[in-house]
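Report on the structure
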Amino acid sequence: MPKLAYLGPEGTFTEEALRILAPEAERLPSPNVSAALDAARRGEADGAVVPLENSLEGAITTTLDELAWGEPLLITAELLLPVEFSLLARQDAVISRIKRVFTHPAAITQCRNFIARELPDAVVVAAPSTAAAAQEVALPGSPYDAAIAARIAGEHYGLVELAAKIGDRADTVTRFVRVSRPGSMPEPTGSDRTSLVAFLTDDHPGALLEMLTEFSVRGVNLTRIESRPTGDGIGRYFFHFDFEGHVADARVGEALSGLHRICEDVRFLGSYPRADGFFPQIKRGMADADFTEAEDWLTRIRTGRA
Ligand SMILES: O=C(O)C(=O)C[C@]1(C(=O)O)C=C[C@@H](O)C=C1
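Everything in this summary refers to the structure shown in the same document.

Rules of the game
- Residues numbered from 1 in each chain as written.
- Predicted model: local features only at pLDDT ≥ 70, side-chain atom pairs only at ≥ 80, totals over all residues.
- Heavy atoms only, no water.
- Axes fitted to C-alpha atoms, helices over the stretch in contact; angles between N-to-C directions.
- Helix = DSSP H or I, 4+ residues; strand = E, 2+ residues; numbered from the N terminus.
- Parallel < 35°, antiparallel > 145°, perpendicular 65-115°, else oblique.
- Left-handed = near helix turned anticlockwise from the far one by under 90°.
- Contact = heavy atoms within 4.5 Å.
- Nonpolar A, V, L, I, M, F, W, Y, C, P; charged D, E, K, R; others polar.
- 1 Å grid on protein atoms, 1.4 Å probe; cavity = no way out; pocket = protein on both sides within 12 Å on 5 of 7 lines; lining within 4 Å.
- Points joined across faces, edges and corners; volume = space filled by probe spheres on them.
- Domains from an automatic or database assignment.

Examining the packing of helix α2 (residues 33–42) against helix α3 (residues 61–69)
Remark: α2 packs on α3, axes separated minimally by 9 Å, with the N-to-C direction vectors making an angle of 30°. Classified by the interaxial angle, the pair formed by α2 and α3 is roughly parallel. Judged by the sense of rotation from one axis to the other, the crossing of α2 with α3 is right-handed. Contact with α2, carried on its side by V33, S34, L37 and R41, involves T62, T63 and E66 of α3 and no other residues of that element. Of the residues assigned to the contact of α2 with α3, the class counts are two nonpolar, three polar and two charged.

Observations concerning empty space enclosed by the protein
The gaps left among the atoms become clear once a water-sized probe is rolled over them. Applying the stated rule across the entire model yields two cavities of 30 Å³ or more. When its volume is computed, the largest cavity comes out at roughly 200 Å³. Around the largest cavity sit 18 residues that line it, and F13, P51, H104, A106 and F176 are the ones nearest its centre. Every element with two or more residues in the lining of the largest cavity is listed here: α1 (13–21), β3 (47–54), α4 (105–110) and β11 (173–180). Residue contributions to the lining of the largest cavity peak at three residues, all from α4. Residue composition of the lining of the largest cavity, by class: nine nonpolar, eight polar and one charged. Here the lining of the largest cavity spans two domains, and each of domain 1 (1–83 + 167–183) and domain 2 (85–163) adds at least three residues to it. Along its surface, the second largest cavity is lined by L200, T201, D202, H204, A207, E210, M211, I262 and C263. Among the elements that make up the lining of the second largest cavity, the one with the highest residue count is helix α8 (residues 207–216) (three residues). Of the residues that constitute the lining of the second largest cavity, the class distribution is five nonpolar, two polar and two charged.

Distances and angles like these do not, on their own, reveal function.
So, in structure tokens, the structure goes:
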């Protein structure tokens, strides 16, 4: 039975994602995303499940940076989880008397309208996770009056639900990934995604365009691009890419080789089945057979057999 670290404690959305991605796994709650990934790196767990992006808020930057800089980890699976938030408090609480709210920063962003409308005078404080907030609010002497978390966290920590579905949008989803130490990779399915980070050699006009061209000329469709600061000064960025296809696909392999040639460094973050099951249309001339045929043609020319 694999052991997977996750952003805990019990009752986080990440735990819900883990239960769906790996129902058989033993669960190791961690206090934050970095700790969950470190548990996987150190071998205390066989892998980890962490949030990567949200349909309303965008990238979970801690996860992006951890995957870019720390000891390499590979994404082996992804999951899209609808997220619904509740306002949770101790027994007998009333909304009008809530002055201090505790929750994860991602939840603050996703419930901005509710907070402005229903809790205009409340101070909202960032918690390590939504479930950590619920756990804290349940303590008798807690300085917080309410938590914003999943309903299940309220049930788990004995809180009452003062308001349900308080997110700004009903259709918000968070994308979670399962990661493990480099080793075996999921086989291509035809409905795959690949992730990587690329570091520029130097800053020059068209540097990003040159990287994008490596994808574009091979018909590789990007599904996410993100720039993140390198930390070396204002204006210094590296890039995260998610795109359709598997590293075993010729067009993806060629795009990766191209990036490797023009970038200072490229870190491969894994090829894995897409959660939405979408099978992309492969552009004319970009299927594996087209690459093989072109390679054979070139060999015939080079060996004087054309
Ligand atoms: O705090 C949690 O419950 C989490 O699993 C983290 C997290 C996130 O980082 O985005 C996950 C889903 C929601 O978008 C809000 C918080």
